[in-house]
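# Summary of structural features
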Amino acid sequence: SKKVQAIYLWWQKTIIDQDLLQSLPNLKVIANSGVGMDHLDLKLVASFGVKMANARCAVSSSTADTGIASLLASARRLVEGCHVAVSSGMEYCEADFLGVEVTGATLGIIGTGSIWCKIALRAKAFEMDILYHNRRRRKEQEEQAVGTTYCEKVDNLLQQADFVMVVVSLTPQTCKLIGKREMELMKPTATLINISRGAVVDQEALVTALQTGVIRAAALDVPFPKPLPRDHTLLKLKNVIITPRLGIKTDKDTYMVTEEAAENILAALNGLPIPNEVLPS
C-alpha cells in the first residue's frame, strides 16, 4: 500500500472511503474517468492531502452528441417507430404517427460547463433558437459565437423552450433541480432531456408529468437508480426514452478519457499544476 501514489477511477470503481485513504499513506491524486464527482466525498479526500481531477475535456463532444441524439430520437419517435417497423403484424405506419419539428424549435440548456457550447453549436445547425441558464452568465463573445440568449431566471427558459436539456453536475444544490414546479412551467408540448446524473430530475414527478400530459416526452441517459427496477413505471411509458448512460461510450472516448486521466496523474506526481483539478466546494 505504501507504493500507491495514484488511483485511476473507472466507472466509479473502486469505492473511496476513509478506510482506504488511511491505508494509502503516500497517495497523492485520484483521477476520475469522467466529469461527475458526486461519487467522491471531496472534503474527505482533501482532508488527507490528496488532490482530485476529472476528465471533462475528453467527454464533452460525445456527451453533446448523446444529448442531441436523444433530442432527435424523442422528437421523431425513433424508438417507438422502430418497434412498429419490426413488429410481426407490421403492414403500414399509421398516418397520425407524428413527431414534432426540431428545425426552428427553441432549445433551453440548463448548465454551462464544457459541454454547453458543444450542444449549442450542434443545435445551431438545426436552426434552433437557443436559450441557456446558469448562475453565472457567459461572456458576450461566447454567447454570440454559438448564437445563444441568456435567461437570468430558469423559469423564463422553462416557459419558452420546446426542448429542455439539463447538463449540470450533481450537487446538493442540483439534486431534484427539475421537479413538479419546474415541469408545470414547461409547455405541454415540451420535451425534457437529461444527460446529467439521474437524481437531478425528480423521477416521481416526471412519471406524473408524462402520464398526465404536463409535458410531451422525456429522454433520460441516466435514470436513478441505475438500472431502474424492472417494474418501474418509467419503463412502461411510450413517451420516454431511457438509455444506459451512453454519454461517453465511444471507442475514441475510452482512449481520450484514459489519456486525460494519465496527464492529470503525471502532473500531480511531478509537482506540476493539474490540468483538470477539482477542488472541494
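Cut-offs applied
Residues numbered from 1 in each chain as written. Predicted model: local features only at pLDDT ≥ 70, side-chain atom pairs only at ≥ 80, totals over all residues. Heavy atoms only, no water. Phe/Tyr/Trp six-rings, centres within 6.5 Å; stacked < 30°, edge-to-face > 60°. Buried < 20%, exposed > 50% of the residue type's maximum accessible area, 1.4 Å probe, protein only. Helix = DSSP H or I, 4+ residues; strand = E, 2+ residues; numbered from the N terminus. Pairing = 2+ DSSP bridges. Contact = heavy atoms within 4.5 Å. Axes fitted to C-alpha atoms, helices over the stretch in contact; angles between N-to-C directions. Core = buried A, V, L, I, M, F, W, Y, C linked by side-chain atoms within 4.5 Å. Salt bridge = Lys/Arg side-chain N within 4 Å of Asp/Glu carboxyl O.

Tallied over the entire structure, the rule returns three aromatic pairs. Seen in terms of ring centroids, tyrosine 8 and tryptophan 10 are 6.2 Å apart; in terms of plane orientation they differ by 65°. Their pairing is edge-to-face. Residue tyrosine 8 is classed as partly exposed on the basis of its relative accessible area of 30%. Consider the rings of tyrosine 132 and tyrosine 150, whose centres lie 5.1 Å apart with planes at 50°: the pair is tilted. With tyrosine 132 in strand β5 (residues 129–133) and tyrosine 150 in strand β6 (residues 148–150), this pair connects stretches of sequence that are 18 residues apart. Each member of the pair, tyrosine 132 together with tyrosine 150, is buried. Chaining the aromatic ring pairs together yields one cluster made of Trp116, Tyr132 and Tyr150.

On to the pairing of strand β4 (residues 106–110). A large share of β4 lies buried, amounting to five of its five residues. As judged from the five bridges shared by β4 and β5, these two strands associate in the parallel manner. Residue glycine 108 lies in a different strand from β5, and its bridge partner there is leucine 131. The pairing of β4 with strand β7 (residues 163–166) spans four bridges and is parallel. Of the residues in β7, the one forming a bridge with glycine 108 is valine 164.

This paragraph deals with the environment of proline 25. By the secondary structure assignment, proline 25 is in the loop between α1 (18–23) and β2 (29–32). Note: C-alpha distance between proline 25 and glutamine 5 (20 residues apart in sequence) is 8.5 Å. Contacts of proline 25, omitting those with residues within four sequence positions, involve Ser1 and Lys2.

With that settled, consider the sheet that holds strand β3 (residues 51–53). Taken in spatial order, the three strands of this open sheet run β1-β2-β3, and their pairing is parallel. The sheet terminates laterally at β1 (6–9) and β3, the two strands that pair on one side only. Pairs of neighbouring strands in the sheet enclose a mean axial angle of 15°, with direction left out of account. Pairing between β1 and β2: four bridges, direction parallel.

Here we take up the nonpolar core. By size, the foremost hydrophobic cluster in this structure holds 28 residues, and its most contacted members are Val164, Leu192, Leu206, Leu210 and Leu234. Taken together, the elements giving at least two residues each to this core come down to α7 (154–160), β7, α9 (203–212) and β9 (217–220). Counting residues per element, this core draws most heavily on α9, at five residues. For leucine 210, the contacting residues outside a window of four places in its chain are Ile215, Arg216, Ala217, Ala218, Leu234, Leu237, Asn239 and Val240. Of all hydrophobic cores here, the second largest spans 26 residues; its members include Ala105, Ile109, Met128 and Tyr132.

Right, let's get into the environment of leucine 121. With respect to the helices and strands, the residue leucine 121 is situated in helix α5 (residues 116–124). Exposure remark for leucine 121: the relative accessible area of 45% places this residue in the partly exposed category. For leucine 121 and glutamate 277, which are 156 residues apart along the polypeptide, the C-alpha to C-alpha distance reads 26 Å. When near neighbours in sequence (up to four residues on either side) are disregarded, leucine 121 contacts Ala145 and Val146.

Scanning all chains against the criterion turns up nine salt bridges. A salt bridge links glutamate 142 to arginine 138; its shortest N-O distance comes to 3.2 Å. With a shortest N-O distance of 3.0 Å, lysine 187 and aspartate 162 are connected by a salt bridge. In this pair, lysine 187 is assigned in the loop between α8 (180–185) and β8 (191–194) and aspartate 162 in the loop between α7 and β7, connecting sequence segments 25 residues apart. Overlapping salt bridges, with partners in common, bring together Asp155, Arg181 and Glu182 in one network.

Don't take any of this as a statement about function, it's just geometry.
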